[in-house]
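# Summary of structural features
Chain by chain, the residues:
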Amino acid sequence: MAAHVRTSACAGLALVAAVTAGCSGSGSPASKSPPASGASSSSQAAGAQNNAAPTESNPPGDIPDNQVYVPFHGTGFTVKVPEGWARTQRDGTTAFTDKLNTVRMQTASEPAAPTVASVTNTVVPRLRAQVPKFAVPKVSEATRHTGRVVLLTYQGDSPKDPVTGKVVRDAFERYAFHRSGHEVDVTLSGPVNADNVDPWRIISDSFTWR
């Protein structure tokens, strides 16, 4: 009788152990489920954004706000030009160029001061023949630090880049300064979509006679 009880007890314990093991085994796969693929992709995308190159803050042709200007002493005049720009000089014309922007000074002997009519009738036709796709000319009077000037604005194509072959659509501002038979034409040019209002104002306002 005692032997039968012990046998029954052992059988019961074995059954409980089997049931417990079965429950534990069925639960383990759920606890090891891999993370959703969407979460992994989001993490990778965030990492890629953090490592991406910084966006260019200045569009092509924009002169930086921290640009430094230095005085250029021409024949009888002084004007500020951007520091570090490449300088070229030929036939009475001095130009300072950096990438897509140019500041050009041309001197001439002119007995009479320029007027809106004289620039419209003489300068505009000459530029129309010289500048590729010359367009939208506008002649007006303007006031700068040195006094009254005649301002001609227009658009035209730049010369073809010798390396890339690209042509840029440029906007031009031409200021005609005159005193005692001496004329200096200051022409500022850069891409049409560039925002160079302040730099061009700094340069044109800095012009003084010596």
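This section reports on the structure supplied with the text. (Residues numbered from 1 in each chain as written. Predicted model: local features only at pLDDT ≥ 70, side-chain atom pairs only at ≥ 80, totals over all residues. Heavy atoms only, no water.)

### Some remarks on the sheet that holds strand β8 (residues 169-179)
This is how the line gets drawn: Pairing between strands requires that DSSP locate at least two bridges from one strand to the other. Numbered from the N terminus, helices here are DSSP runs of H or I no shorter than four residues, and strands are runs of E no shorter than two. Note on geometry: axes are C-alpha line fits, over the in-contact stretch for helices, and angles between N-to-C directions span 0 to 180 degrees. Contacts are assigned to residue pairs with any non-hydrogen atoms lying within 4.5 Å of each other.
The sheet built from seven strands is open, its strands ordered β3-β4-β5-β9-β8-β7-β6 with antiparallel pairing. Two strands bound the open sheet, and with one partner strand each, they are β3 (86-90) and β6 (135-144). Here the average twist between neighbouring strands, direction ignored, is 20°. Looking at chain direction, β3 and strand β4 (residues 93-98) are connected through five bridges and run antiparallel. Following the sheet pairing, T88 is matched in β4 by A95. Sheet strands in contact with helix α3 (residues 116-130) are β6, β7 (147-157) and β8, and its direction is about 140° off that of β6.

### Description of the pairing of strand β9 (residues 182-191)
Heads up, the condition is: The rule is simple: take the accessible area with a 1.4 Å probe, protein chains only, and divide by the maximum for that residue type; under 20% is buried, over 50% is exposed, in between is partly exposed.
When you tally the buried positions in β9, you get nine out of 10 residues, the bulk of the element. Strand direction decides the pairing type here: strand β5 (residues 101-109) and β9, joined by eight bridges, are antiparallel. When the bridges of β9 are listed, T107 appears paired with V184. With 10 bridges joining them, β8 and β9 adopt antiparallel strand pairing. Paired with D170 across the two strands is P191, which belongs to β9.

### Regarding helix α4 (residues 197-205)
In plain terms, the rule: Each direction from the helix axis to a C-beta atom contributes to the arc, which is the arc of those directions.
Three or more residues of α4 are buried, namely P199, W200, I203 and S204. In a view along the axis of α4, the buried residues occupy a sector of 125°, so they form one face of it. Exposed residues pointing more than 90 degrees away from the buried face of α4 are listed as V197 and D198. On its buried face, α4 sits against β1 (69-73), β2 (77-82), β5, β6, β8 and β9.

### Looking at the layout of surface pockets
The condition that has to hold: Think of a 1 Å grid over just the protein atoms. A cavity is a set of points where a 1.4 Å probe fits yet cannot get out, a pocket is an open set with protein on both sides within 12 Å along at least five of seven lines, and lining residues have an atom within 4 Å of a point. Grid points are joined across faces, edges and corners, and a volume is the space filled by probe spheres set on the points. Polarity classes work like this: nonpolar for Ala, Val, Leu, Ile, Met, Phe, Trp, Tyr, Cys and Pro, charged for Asp, Glu, Lys and Arg, and polar for all others, with Gly in that last group.
Computed from the structure, the largest pocket encloses a volume of approximately 1400 Å³. Elements with a minimum of two residues in the lining of the largest pocket: β3, β4, β5, α3, β7, β8 and β9. Grouping the constituent residues of the lining of the largest pocket by class yields 19 nonpolar, 16 polar and 13 charged.

### So, the pattern of salt bridges
Filter applied, for reference: By salt bridge we mean one thing: a side-chain nitrogen of Lys or Arg within 4 Å of a carboxyl oxygen of Asp or Glu.
For the structure shown, the criterion picks out five salt bridges. Among the salt bridges present, the one from R169 reaches D157, with a minimum N-O distance of 3.0 Å. Of this pair, R169 sits in strand β8 while D157 sits in strand β7, and the two are 12 residues apart along the sequence. On the accessibility criterion, R169 (28% relative accessible area) is partly exposed.

### Focus on the packing of aromatic side chains
Our working definition: Classification of ring pairs rests on two measures: the distance between centres of Phe, Tyr or Trp rings, Trp counted by its six-membered ring, which must be within 6.5 Å, and the angle between planes, read as stacked under 30 degrees, edge-to-face over 60 and tilted in between.
In total, this model carries eight aromatic pairs according to the counting rule given. Geometrically, the ring pair formed by Y154 and F172 is stacked, given 4.5 Å between the ring centres and 5° between the ring planes. Here Y154 is found in strand β7, whereas its partner F172 is found in strand β8, with 18 residues between them in sequence. For the pair Y154 and F172, one class covers both residues: buried. Their ring planes at 90° and their centres at 5.1 Å tell us that F207 and W209 sit as a pair that is edge-to-face. Residue F207 is classed as buried on the basis of its relative accessible area of 1%.

### A few points about the nonpolar core
Keep this limit in mind: Nine residue types can take part in a nonpolar core, namely buried Ala, Val, Leu, Ile, Met, Phe, Trp, Tyr and Cys, and a core is a set of them joined through side-chain atoms within 4.5 Å.
Among the nonpolar cores identified, the biggest contains 22 residues, and F77, V79, V103, M105 and F207 are the most heavily contacted of them. Elements that contribute at least two residues to this core include exactly β1, β2, β5, β7, β8, β9 and α4. With residues near it in sequence (within four places) discarded, V79 still touches V70, P71, F72, M105, I203, S206 and F207. Membership of the second largest hydrophobic core comes to 12 residues, among which are V119, F134, L152 and A176.

### Observations concerning the sheet that holds strand β10 (residues 208-209)
Pairing is antiparallel across the open sheet formed by three strands, whose spatial order is β1-β2-β10. Both edges of this open sheet fall to β1 and β10, since each of them pairs with a single strand only. With five bridges connecting them, β1 and β2 associate as antiparallel partners. Along β2, the bridge assignment pairs P71 with K80.

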